[in-house]
Amino acid sequence: MIPVSLLVCVMGGWCAIYLADTLFRSSITHRVSYESWLASRGLMVSPFHVRWQTTMFNRLFAYCARINPRALYLWFNSGLVFGVAAMVGSVVLLIKTLQQTYAQMTTSNPRIGGQQVLQVVVPGVNLPTSQLAYFFIALLLSGVIHELGHAVAALREQVRVNGFGMFVFVLYPGAFVDLFTTHLNLVSPTQQLRIFCAGVWHNLVLCVAALAFLFLLPVLLFPAYTTGAGALVTEVVQGSAADGPRGLSVGDIVTGLESCPVRGVEDWSNCLSHLSHVQQTGYCVPLSSLQPSWAHGRPYKRLDGTTDCCSNNSLTDLCFSYVKLQSRNSREREFACMPVRKMVAGTRVCRTDNDCATHSTAASVCVTPSLENQTRFIRVTHPPNTHMLFVGYPPHLQHAVSLTNFVPRFGFLHLDLPIFLETFLKYVVSLSGALAVVNSVPCFALDGQWMLSALLEATLVSVVTDRQKRELIGFFLLLSGSALLAANVALGLWMVTAR
């Protein structure tokens, strides 16, 4: 469900804008001055839509269009090739996404939804409200770069640019360029195709550039931040399993989970996933330490078939199991409730008793925490502090802590700066790539409509000589592409909001 507070803020803001606009337009004394003020600043206001247009960037576009004509010719020809390929690829991708959405609707397997390349984004539903700023800034940047491509390509093909503008529709920001239609209709279909493909081409370039910056971020931040020394804790969910006086704190560097080394966030996730699917780690304990007096009650079986022996619900004790040698050919599983921190501090991990025999001169036995099937006991290493001891479901530990690969070299540096950069670059990659795909779809009102029309005019003139027949072919292709995109959006919205 969309958060009510977000809906109230959006509806309240637009109602206030529309009410103020209506009052000024209906005022006899202020109407003329208000409309003059809007016109002088290039503003247009309508329900749920505010638009701003200016000519102040025309000189910049013209300057860019004159830089190295030969290089620009190769640049926009590359965009033409990509645009045509993207038109075909976007249709294939939408068909595949529609099949995946349908499969997800007809199955109870939750993993299928994570395989989708394209997903409908609804703020407050599958987009956290805490990341709305990243989303809208990245979306606006992608739109501006997209329109910059159209403007420079148009001026290079001798098509006048009337102006550049930005808008906000409901919540979503965007940008546009106003091209002189008469000039646009006079140039050849190939020139038109270069202009129309320039937007999605620049989105691809922005996507690749952001991806490169994302991979090079450790190198770019190397003078101020180091990586590979562990995962730095940036946030701990209050009241979670990782919180508390002996838990994790902001600024701690996690270097290991049990015997699994942690050099970064990816290792942290991989180690937790590994520990979730392997047998519980054991610990080597001297036989002399296993005294019957440590047992605090008779062992009893849980509902899942596992055994517990700590009946006093102590927060410091844990039930351990081990194999006791009764005779040469007789072994019996015993249980002991022991003070967990004292028992595992500085002990070696093991899987069998043989692991303890090879590393210890004293007689030792491998004891294993007796826990429920999905529960694990995990020692979290974060020097110089003592181990944090976690008992629970490993994914809960992953969701309780936010970490980063970047450890500041100096105390005055902000812990969250690399996270801001990483998150923003990931949004730019996702949104700019999505705009390149969606705008390539042969659909009404998108770049794909004009790209398809120009492509048909450039390629079918000698095959289909009748212009009306070419337009009819284009119409049915656009109708099919529009239906495909609409089906994806409709089913995607239903999957996001209804389930």
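Residues numbered from 1 in each chain as written. Predicted model: local features only at pLDDT ≥ 70, side-chain atom pairs only at ≥ 80, totals over all residues. Heavy atoms only, no water.

Where an unreviewed UniProt entry is consulted, the chain appears under the name Membrane-bound transcription factor site-2 protease, with the organism given as Nothobranchius furzeri. On record in UniProt, under Subcellular location (unreviewed entry), the comment for the chain is "Endomembrane system". (UniProt positions renumbered as here; feature names shortened; annotations may be inferred.)

Right, let's talk about the sheet that holds strand 19 (residues 401-404) for a bit. Read across the open sheet, the three strands follow the order 7-6-19; overall the sheet is antiparallel. Of all strands in the sheet, those bounded by a partner on one side alone are strand 7 (253-254) and strand 19. Two elements, strand 6 (residues 231-236) and strand 7, share two bridges in a ladder whose sense is antiparallel. Bridge pairing in strand 7 links Leu 232 to Ile 253. (Pairing = 2+ DSSP bridges. Helix = DSSP H or I, 4+ residues; strand = E, 2+ residues; numbered from the N terminus.)

Further remarks concern the UniProt feature "transmembrane region" (unreviewed entry) in the chain. With numbering matched to this structure, UniProt assigns "transmembrane region" (unreviewed entry) to residues 6-24, 72-95, 132-149, 161-180, 200-222 and 472-496. For the annotated span residues 6-24, helix accounts for 100% and strand for 0% of the residues, and the straight-line distance between the end C-alpha atoms is 27 Å. The span residues 161-180 is 0% helix and 85% strand, and its two end C-alpha atoms sit 6 Å from each other.

Another aspect to go through is the side chain of Asp 267. Relative to the helices and strands, Asp 267 is located in helix 8 (residues 265-277). When sequence neighbours within four positions are dropped, the list of residues in contact with Asp 267 reads Pro 261 and Val 262. (Contact = heavy atoms within 4.5 Å.)

It is worth spelling out the state of the cysteines at this point. Summed over all chains, the structure comprises four disulfides. Linked covalently through their sulfurs, Cys 309 and Cys 319 form a disulfide whose S-S length is 2.2 Å. An S-S torsion of about 120° defines the bridge between Cys 309 and Cys 319 as right-handed. Of this pair, Cys 309 sits in the loop between strand 12 (307-308) and strand 13 (317-327) while Cys 319 is found in strand 13, placing the two residues 10 residues apart along the sequence. (Disulfide = S-S within 2.5 Å.)

Many authors give the size of an interface as the accessible area that is lost as the parts come together. In terms of domain boundaries, the chain breaks down into domain 1 (4-47), domain 2 (64-107 + 115-212 + 422-498), domain 3 (225-279 + 374-408) and domain 4 (281-370). With 10 residues of domain 3 at the contact, the number on the domain 4 side is 11 residues. When the two sides are added together, the surface that domain 3 and domain 4 hide from each other amounts to roughly 1000 Å², 51% of it contributed by carbon and sulfur. Our count for the contact surface shared by domain 3 and domain 4 stands at zero salt bridges. In this assembly, domain 3 and domain 4 are joined by five residue pairs in polar contact (both at pLDDT 80 or more). (Domains from an automatic or database assignment. Buried area = accessible area lost by both parts, 1.4 Å probe. Salt bridge = Lys/Arg side-chain N within 4 Å of Asp/Glu carboxyl O. Polar contact = N/O pair within 3.5 Å; in protein donor to acceptor, adjacent residues only side chain to side chain.)

This next bit is on the nonpolar core. A general tendency of soluble globular proteins is for nonpolar side chains to be buried together. Among the nonpolar cores identified, the biggest contains 32 residues, and Val 159, Leu 179, Leu 193, Ile 195 and Met 451 are the most heavily contacted of them. Taken together, the elements giving at least two residues each to this core come down to helix 3 (58-65), helix 4 (69-105), helix 5 (132-156), strand 3 (161-169), strand 4 (172-179), helix 7 (189-220) and helix 13 (447-459). The biggest single contributor to this core is helix 7, with six residues. (Core = buried A, V, L, I, M, F, W, Y, C linked by side-chain atoms within 4.5 Å. Buried < 20%, exposed > 50% of the residue type's maximum accessible area, 1.4 Å probe, protein only.)

Another point: the confidence of the model for the chain. Summarising the model, the chain shows a mean pLDDT of 89, and 93% of its residues fall at 70 or more. In the model of the chain, strand 13 stands out as the element of lowest mean pLDDT, 78, in contrast to helix 7, which has the highest, 97. (pLDDT = per-residue confidence, 0-100.)

Taken in spatial order, the four strands make up an open sheet running 9-8-17-18, and their pairing is antiparallel. Where the open sheet ends on each side, the last strands, each with one partner, are strand 9 (260-261) and strand 18 (388-392). Looking at chain direction, strand 8 (residues 256-257) and strand 9 are connected through two bridges and run antiparallel. Within the sheet, the bridge partner assigned to Leu 257 lies in strand 9 and is Cys 260. Across the face of the sheet, helix 8 comes into contact with strand 8, strand 9 and strand 17 (376-381) while running at roughly 155° to strand 17. (Axes fitted to C-alpha atoms, helices over the stretch in contact; angles between N-to-C directions.)

Let's shift gears to the pattern of salt bridges. Following the criterion strictly, the structure yields 10 salt bridges and no others. Taking the shortest distance from any N to any O, the salt bridge between Arg 31 and Glu 35 comes out at 3.5 Å. With Arg 31 and Glu 35 both in helix 2 (residues 31-40), this residue pair falls four residues apart, about one helical turn. Classification of Arg 31 by relative accessible area gives partly exposed; the value is 44%. Accessibility expressed as a relative area gives 31% for Glu 35, which makes it partly exposed.

This part takes up the pairing of strand 18. One face of the sheet, then the other: side chains in a regular strand alternate in exactly this way. Burial analysis of strand 18 places four of its five residues in the buried class, which makes it a mostly covered element. Bridge count for strand 17 against strand 18 is five bridges, and the pairing is antiparallel. If you follow Arg 379 over to strand 18, its bridge partner there is Leu 389. The antiparallel hairpin formed by strand 17 and strand 18 contains six residues in its connecting segment.

The subject of this paragraph is the packing of aromatic side chains. Taken as a whole and judged by the stated rule, the model has 16 aromatic pairs. Between Phe 82 and Trp 201, the ring centres sit 6.0 Å apart and the planes meet at 50°, which makes this aromatic pair tilted. Of this pair, Phe 82 sits in helix 4 while Trp 201 sits in helix 7, placing them 119 residues apart in sequence. Overall, the relative accessible area of 14% leaves Trp 201 in the buried class. When the centroid spacing of 5.7 Å and the interplanar angle of 85° are considered together, the rings of Tyr 283 and Phe 377 count as edge-to-face. Of this pair, Tyr 283 sits in strand 10 (residues 282-286) while Phe 377 sits in strand 17; the two residues are 94 residues apart in sequence, bridging distant segments of the chain. (Phe/Tyr/Trp six-rings, centres within 6.5 Å; stacked < 30°, edge-to-face > 60°.)

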